[in-house]
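# Inside the fold
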Amino acid sequence: MLWVKAFHIVFVAAWFAALFYLPRIFVNLATVPADSHAERERLLMMARRLYRFGTLLMIPAVGLGLWLWIGFGGVGRFGGGWMHAKLLLVLGVIGYHHMCRALLRRFEQFTNQRSERWFRVFNEASVLFFAAIVVLVVVKPF
């Protein structure tokens, strides 16, 4: 189980690295002038690739997490209130990941209505998710 836990941590960290950087690309896309087609296409290509790569990292991160949960008897017992909170946050991160895809589609279709400032705040949400999950797992406050 230690190998499963180690790889779970590796994939979660890599997945979050993608979630830390993808909204930063959105910040840059939101500031691209309308006549700068080459820069816009370059940023869109980077965002598409990063989203796909992040998705490929998310799948084993979640799968290994489920393996750990089941392996430690989690289906019958959740492991305490901290585990309930962690699972809720993980669902939130999966939703955040999919929201990134929706935002990317808006940029691709020239329908983005969000400002650079909004994307800067959105970018910080992944850090808050990550910090909250780490604290719950390490400290197990309840």
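Shown above is the structure to which this text applies.
Residues numbered from 1 in each chain as written. Predicted model: local features only at pLDDT ≥ 70, side-chain atom pairs only at ≥ 80, totals over all residues. Heavy atoms only, no water.

### Quick word on the overall build of the protein
On a plain count of helices and strands, the protein comes out with four helices and zero strands. Taken from the N to the C terminus, the helices and strands of the protein come in the order α-α-α-α. The dimensions of the protein, computed from C-alpha atoms along their principal axes, are 55 × 25 × 20 Å. Buried residues in the protein amount to 35% of all 142 residues. In the protein, the share of contacts with a sequence separation of at least 24, taken over all contacts with a separation of at least 6, comes to 78%. When the accessible surface of the protein is totalled, it reaches about 8500 Å², and 70% of it is carbon and sulfur. (Helix = DSSP H or I, 4+ residues; strand = E, 2+ residues; numbered from the N terminus. Buried < 20%, exposed > 50% of the residue type's maximum accessible area, 1.4 Å probe, protein only. Contact = heavy atoms within 4.5 Å. Areas by Shrake-Rupley, 256 points an atom, 1.4 Å probe, with all protein chains shown as cover.)

### Digging into helix α3 (residues 81-108)
Taking 1.5 Å as the rise per residue, α3 with 28 residues should run 40 Å; its terminal C-alpha atoms sit 41 Å apart, in good agreement. Where α3 is concerned, the buried positions are W82, M83, K86, V93, Y96, H97, C100, L103, L104 and F107. Buried residues along α3 sit against α1 (2-31), α2 (37-71) and α4 (116-139). Immediately downstream of α3, the backbone of F110 shows phi near 60 degrees, a positive value. (Expected span 1.5 Å × (residues − 1).)

### Here we look at a nonpolar patch on the surface
A cluster of nonpolar side chains, F20, V127, F130, V134, V135, V137, V138 and V139, forms an exposed patch at the surface whose accessible area comes to about 620 Å². No other element matches α4, which puts seven residues into the nonpolar patch. Position of V138 among the secondary structure elements: in helix α4. (Patch = residues over 30% accessible without salt bridge, like charges linked within 9 Å, V, L, I, M, F, W, Y side chains within 5 Å. Salt bridge = Lys/Arg side-chain N within 4 Å of Asp/Glu carboxyl O.)

Bear in mind that shape data such as this cannot, by itself, settle questions of function.
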